[in-house]
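Examination of the molecular architecture
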Amino acid sequence: MAAEGHPVQVAVRVLGVSESGFYAWRDRGPSARSIRHALLTDTIHQIHAASNGVYGVRRVHAELTLGRGMKLWHGTVAMLMSRAGIKGIAGRPKWRRARADLSGLG
């Protein structure tokens, strides 16, 4: 709101935060978690691109943990992939045998 030209005093009153808290938030750098998530997202993009867009959450997680030795949860990979809009390709379609037309038999 303050970035849109509204006075800071009005914005903090509407949002229910203190003015000093707003300025502290504005001047604070990114957290260690957000930096780690950004680096992991870049790595996930690389793995996904190397697989020609085939790998999903399970294979990307396996590549990160087994292939690159990183320790992270499966849910973290799923969250970062969904935030980045990365999806794997589903398995190949199952073959179904054509059924004989039995409508003329009875």
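For the structure itself, look to the data block above.
**Concerning the pattern of salt bridges**
Inspection of every chain in the model, using the stated rule, returns two salt bridges. With its nearest N and O atoms 3.5 Å apart, the salt bridge here joins Arg26 to Asp27. For Asp27, a relative accessible area of 58% gives the class exposed. Salt-bridge contacts for Glu63 lead to Arg68; the nearest nitrogen and oxygen are separated by 3.7 Å.

**Considerations on helix α3 (residues 32–50)**
Here α3 is 19 residues long and its end C-alpha atoms lie 27 Å apart, about the 27 Å a rise of 1.5 Å per residue gives. Restricting attention to buried positions, one finds in α3 the residues His37, Leu40, Thr41, Thr43, Ile44, Ile47 and His48. At its buried positions, α3 is contacted by α4 (57–67) and α5 (74–84). Looking at the residues trailing α3, positive phi occurs at Asn52, about 60 degrees.

**Structural notes on the packing of aromatic side chains**
Inspection of the entire model under this criterion finds two aromatic pairs. Measuring from ring centre to ring centre gives 5.3 Å for Phe22 and Tyr23, while their planes differ by 65 degrees; the resulting arrangement is edge-to-face. By relative accessible area, which is 29% here, Tyr23 ends up partly exposed. When the ring of Phe22 is compared with that of Trp25, the centres are 6.1 Å apart and the planes differ by 35 degrees; the resulting orientation is tilted.

The rules behind these values
- Residues numbered from 1 in each chain as written.
- Predicted model: local features only at pLDDT ≥ 70, side-chain atom pairs only at ≥ 80, totals over all residues.
- Heavy atoms only, no water.
- Salt bridge = Lys/Arg side-chain N within 4 Å of Asp/Glu carboxyl O.
- Buried < 20%, exposed > 50% of the residue type's maximum accessible area, 1.4 Å probe, protein only.
- Helix = DSSP H or I, 4+ residues; strand = E, 2+ residues; numbered from the N terminus.
- Expected span 1.5 Å × (residues − 1).
- Contact = heavy atoms within 4.5 Å.
- Phe/Tyr/Trp six-rings, centres within 6.5 Å; stacked < 30°, edge-to-face > 60°.

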